[in-house]
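Spelled out from the first residue to the last, the chains are:
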Amino acid sequence: MFSISLGDDNAVLRPLEPWRAAEFLAHMDRGRELVGQHIGLADAVTDLASSRAFLQQYAEKAATDTGRIFGIWVADELVGGVLFRTMDVPRGTAEAGCWLEPSAVGKGLVTRAARVIIDWAVEERGIHRVEWLVSAANHASIAVAKRLGMVKDGVLRGSGVHRGERQDLEVWSVLAPEWRSRKAG
C-alpha cells in the first residue's frame, strides 16, 4: 500500500480502508470529544460495525469516484484524517474535510495532508473547485481553510444541524487556477 510522507516528523498519509476498522474505532475513541465538537463523525463511528460501515461507504465512493478518505499516521498511530466527502468529477467539484484527535492538534498535519489531496484532485482528477464547509464556530478548521489559500464564499445561516442544534456553515473554496498559482508562487 502507498503512503505519502507529510514531512520530517514521521507523519504519513495513506488510504483509510475498511480492513482498518478496529484501528479507526480506537482512534475515534481517543478523539471522540474533540472530533464531536463540530462534526458528526464521532457520533457515526461508535463500535466496530459502524466503523467498518463508515469506511466501507468511502471504499464504495472511491470505487465510483465520488469520494475518498485518507488517514494521517504519526509514528504508525492513526491520529486524524482528511477526505473528500463528495466528488463530482464531471462537474469538477469536491468537498474536502478533516478531523484530528487531541494528540495531533497544532502540528500542521491537516494542512499538509489537505494540500496533498487537493493537489491530487486538481492535477490528477481535473477538479476545478474544492470546497470546505465548516461550522462558523470551528475556528481551527477555518484557520486550515485560510492556510490552504481558500476564499470565504459566504455563510449559510442556520444550514447545518449538529447534535440537534442549528449552526451557521461557512463555505470556503479554492479554484484550480488559484491553487496552481499559489503552488507556483
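Residues numbered from 1 in each chain as written. Predicted model: local features only at pLDDT ≥ 70, side-chain atom pairs only at ≥ 80, totals over all residues. Heavy atoms only, no water.

Undergrad: Is there a simple way to explain the layout of surface pockets in this structure?
TA: Empty space among the atoms becomes apparent when a probe as large as a water molecule is rolled across them. Of the volumes computed, that of the largest pocket is approximately 1,000 Å³. Taken together, 40 residues make up the lining of the largest pocket; nearest its centre are Ile39, Cys98, Trp99, Asn138 and Ser141. Here the lining of the largest pocket is built from residues that sort into 21 nonpolar, 14 polar and five charged. (1 Å grid on protein atoms, 1.4 Å probe; cavity = no way out; pocket = protein on both sides within 12 Å on 5 of 7 lines; lining within 4 Å. Points joined across faces, edges and corners; volume = space filled by probe spheres on them. Nonpolar A, V, L, I, M, F, W, Y, C, P; charged D, E, K, R; others polar.)

Undergrad: Can you walk me through the packing of aromatic side chains in this structure?
TA: Each pair of aromatic rings is reported with the distance of its centres and the angle of its planes. For the structure on display, the rule yields four aromatic pairs. The cationic tip of Arg14 hangs over the ring face of Trp73; the distance from NZ or CZ to the ring centre is 4.6 Å. (Phe/Tyr/Trp six-rings, centres within 6.5 Å; stacked < 30°, edge-to-face > 60°. Lys NZ or Arg CZ within 6 Å of the ring centre and 35° of its normal.)

Undergrad: Explain the sheet that holds strand 5 (residues 93-100) to me, please; I cannot follow it from the model alone.
TA: Across a sheet, paired strands are connected by hydrogen bonds in the backbone, their directions being either parallel or antiparallel. The eight strands are arranged 1-2-3-4-5-6-8-7 in an open sheet whose pairing can be described as mixed. Each end of this open sheet is capped by a strand with a single partner; those strands are strand 1 (4-5) and strand 7 (151-162). Where strand 4 (residues 77-88) and strand 5 come together, eight bridges link them in antiparallel fashion. Residue Met87 lies in a different strand from strand 5, and its bridge partner there is Ala94. (Pairing = 2+ DSSP bridges. Helix = DSSP H or I, 4+ residues; strand = E, 2+ residues; numbered from the N terminus.)

Undergrad: Before we go on, may I ask you to explain the pattern of salt bridges in this structure?
TA: Where side chains of opposite charge bring their charged atoms close, a pairing between them can arise. Enumeration according to the criterion identifies 15 salt bridges in this entry. Notably, a salt bridge pairs Arg32 with Asp29, separated by 2.5 Å at the nearest N-O pair. Here the residue Arg32 and the residue Asp29 both occupy positions in helix 1 (residues 21-36), the gap between them amounting to three residues, near one helical turn. By relative accessible area, which is 21% here, Arg32 ends up partly exposed. Take Asp29: its relative accessible area is 46%, and that puts it in the partly exposed class. Through salt bridges with shared partners, a single ionic network connects Asp119, Glu123, Arg180 and Lys183. (Salt bridge = Lys/Arg side-chain N within 4 Å of Asp/Glu carboxyl O. Buried < 20%, exposed > 50% of the residue type's maximum accessible area, 1.4 Å probe, protein only.)

Undergrad: I'm lost on the pairing of strand 6 (residues 129-135) in this one. Help?
TA: Here is the key point about a regular strand: its side chains alternate between the two faces of the sheet. The pairing of strand 5 with strand 6 spans four bridges and is parallel. Pairing of Glu95 across the sheet is with Glu131, part of strand 6. This β-α-β element, strand 5 to helix 4 (residues 109-123) to strand 6, shows right-handed connectivity. Note that strand 6 and strand 8 (residues 165-175) share seven bridges and pair antiparallel. For Trp132, the partnering residue across the bridge sits in strand 8 and is Trp172. (Right-handed = clockwise from strand over helix to strand, strands pointing away.)

These results come straight from atomic positions and should not be treated as a statement about function.
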